[in-house]
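Descriptive analysis of the structure
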Amino acid sequence: MRWRATPRAEGGNRFGNGSREANRYARIGGALYLLIIVVGIAGPLFTREPLIVLNDVDATARNIAASPELWRLGIAVNVVMQLCDVPVMLILYLLLSPINKAVALLALLFNIVQTATLVANQLTLVAAQLLSVDQPALTDVAIQAYSYGEALGLVFFGFTLLGVGYLIRHSGYLPWIIGLLVQVAGVSYVVNSFLLLVRPDLASIVLLIPAFIAELSLALWLLLRGVDASKWELRARNAPVT
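Below: a short report on this structure. (Residues numbered from 1 in each chain as written. Predicted model: local features only at pLDDT ≥ 70, side-chain atom pairs only at ≥ 80, totals over all residues. Heavy atoms only, no water.)

Right, let's get into the overall build of the chain. Broken down by element type, the chain carries eight helices and two strands. Across the chain, helices and strands are ordered from the amino to the carboxyl terminus as β-β-α-α-α-α-α-α-α-α. With respect to the three principal axes, the spread of C-alpha positions in the chain is 70 × 35 × 30 Å. Counting the 242 residues in the chain, one finds 45% classified as buried. (Helix = DSSP H or I, 4+ residues; strand = E, 2+ residues; numbered from the N terminus. Buried < 20%, exposed > 50% of the residue type's maximum accessible area, 1.4 Å probe, protein only.)

Here you go:
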């Protein structure tokens, strides 16, 4: 993905169809982000959750062993989410780097670590399915390990959102309030994930409600409104060339 641009002249870079391309990619990113949100909620709800019986290791293992296809479908759904995350992180970098390239790159790196961690974490779900036939206790360990691995990845995603929110607030071509909401979401991810790692009894899905509101708002805005094209082009034209 590249913005078409003519060589630098007088006030900076002159973009041919840059603003139009920016909005096209913004809408692609918004659609993919919305898909990630929907799949992230519906996937576990309809694949893993029906098979897991709280406080009953043996029943959970039996359910997984009896429905391996459903369990593996849940893994595949997770992989689809992470595949979608790759173009989304690139689009956010391209849209926001004119504000501050260093912060945009830092957010991108945090996002890469998050996605790599969550992809690797799928192996714990694979292990849970392989062990479910005759090792129910180890199946439970694998499922718990998945929860901790997810929390570890989301720590990095929290810092991603802190950077993205900062850039949105200072952009002028995306709503300031969405940037603030995204930063609050970043804090909620970091706090809840660290609590899950060090004080699991204090962690709660309620702490992630701000994250849901912020990410849904950002996804819908990108999909339906895109960016303010003239302001984006002005910032892109005047961005330092490195």
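The structure having been displayed, the exposition proceeds.
All right, on to the environment of Arg235 then. Residue position: Arg235 is located in helix 8 (residues 229-238). Ignoring anything within four residues of it in the chain, the contact list for Arg235 reads Pro98, Ile99, His170, Ser171 and Tyr173. (Contact = heavy atoms within 4.5 Å.)

Next up on the list: empty space enclosed by the protein. Within this structure, the stated rule accounts for one cavity of 30 Å³ or more. Taken as a whole, the largest cavity encloses approximately 70 Å³ of empty space. Lining the largest cavity are Met89, Leu92, Tyr93, Leu96, Ala104, Ala107, Leu108, Asn111, Thr160, Val164 and Leu167. Among the secondary structure elements, those contributing two or more residues to the lining of the largest cavity are helix 3 (68-96), helix 4 (101-131) and helix 5 (136-169). Residues that form the lining of the largest cavity fall into these classes: nine nonpolar, two polar and no charged. (1 Å grid on protein atoms, 1.4 Å probe; cavity = no way out; pocket = protein on both sides within 12 Å on 5 of 7 lines; lining within 4 Å. Points joined across faces, edges and corners; volume = space filled by probe spheres on them. Nonpolar A, V, L, I, M, F, W, Y, C, P; charged D, E, K, R; others polar.)

Moving on: the nonpolar core. In this structure, Tyr33, Leu95, Leu96 and Val227 are the most contacted members of the largest nonpolar core, which totals 43 residues. Per element, the largest residue contribution to this core is eleven residues, and it comes from helix 3. Among the nonpolar cores identified, the runner-up in size contains nine residues, and Ile64, Ile75, Leu125 and Ala128 belong to it. (Core = buried A, V, L, I, M, F, W, Y, C linked by side-chain atoms within 4.5 Å.)

To continue, consider the side chain of Thr124. Position of Thr124 among the secondary structure elements: in helix 4. Since its relative accessible area comes to 19%, Thr124 is described here as buried. Sequence-distant contacts of Thr124, defined by excluding residues within four places in its chain, comprise Ala142, Ala145 and Tyr146.

As a further point, take the side chain of Ser188. Checked against the element boundaries, Ser188 lands in helix 6 (residues 176-198). Reaching out from Ser188, the side chain makes a polar contact with the backbone oxygen of Ala185 at a distance of 2.7 Å. In this structure, Ser188 is in contact with Leu207, Leu208 and Ala211, ignoring residues within four places of it in sequence. (Polar contact = N/O pair within 3.5 Å; in protein donor to acceptor, adjacent residues only side chain to side chain.)

Let's shift gears to the packing of aromatic side chains. Taken as a whole, this structure holds three aromatic pairs when the rule is applied. Both rings, one in Phe110 and one in Phe156, keep their centres 6.3 Å apart while their planes meet at 45°; by these two values the pair is tilted. Placement of Phe110 in helix 4 and of Phe156 in helix 5 is noted, with a sequence separation of 46 residues between them. The partly exposed category is assigned to Phe156, whose relative accessible area is 27%. Consider the rings of Phe157 and Tyr189, whose centres lie 5.2 Å apart with planes at 70°: the pair is edge-to-face. Of this pair, Phe157 sits in helix 5 while Tyr189 is found in helix 6, placing the two residues 32 residues apart along the sequence. Judged by its relative accessible area of 11%, Tyr189 falls in the buried class. In this structure an aromatic cluster arises from ring pairing among Phe110, Phe156 and Phe159. Lying over the aromatic face of Tyr25, Arg24 brings its terminal NZ or CZ to 5.3 Å of the ring centre. (Phe/Tyr/Trp six-rings, centres within 6.5 Å; stacked < 30°, edge-to-face > 60°. Lys NZ or Arg CZ within 6 Å of the ring centre and 35° of its normal.)

Turning our attention to the packing of helix 2 (residues 57-66) against helix 5. To characterise two packed helices, one gives the angle between the axes of the helices and the distance between these axes. Packing of helix 2 against helix 5 leaves a shortest axis separation of 8 Å and a crossing angle of 85°. In terms of orientation, helix 2 and helix 5 fall into the roughly perpendicular class. Here helix 2 contributes Val57, Asp58, Thr60, Ala61 and Ile64 to the contact with helix 5, which in turn contributes Pro136, Ala137, Thr139, Asp140 and Ile143. Partitioned by chemical class, the residues of the contact of helix 2 with helix 5 number six nonpolar, two polar and two charged. (Axes fitted to C-alpha atoms, helices over the stretch in contact; angles between N-to-C directions. Parallel < 35°, antiparallel > 145°, perpendicular 65-115°, else oblique.)

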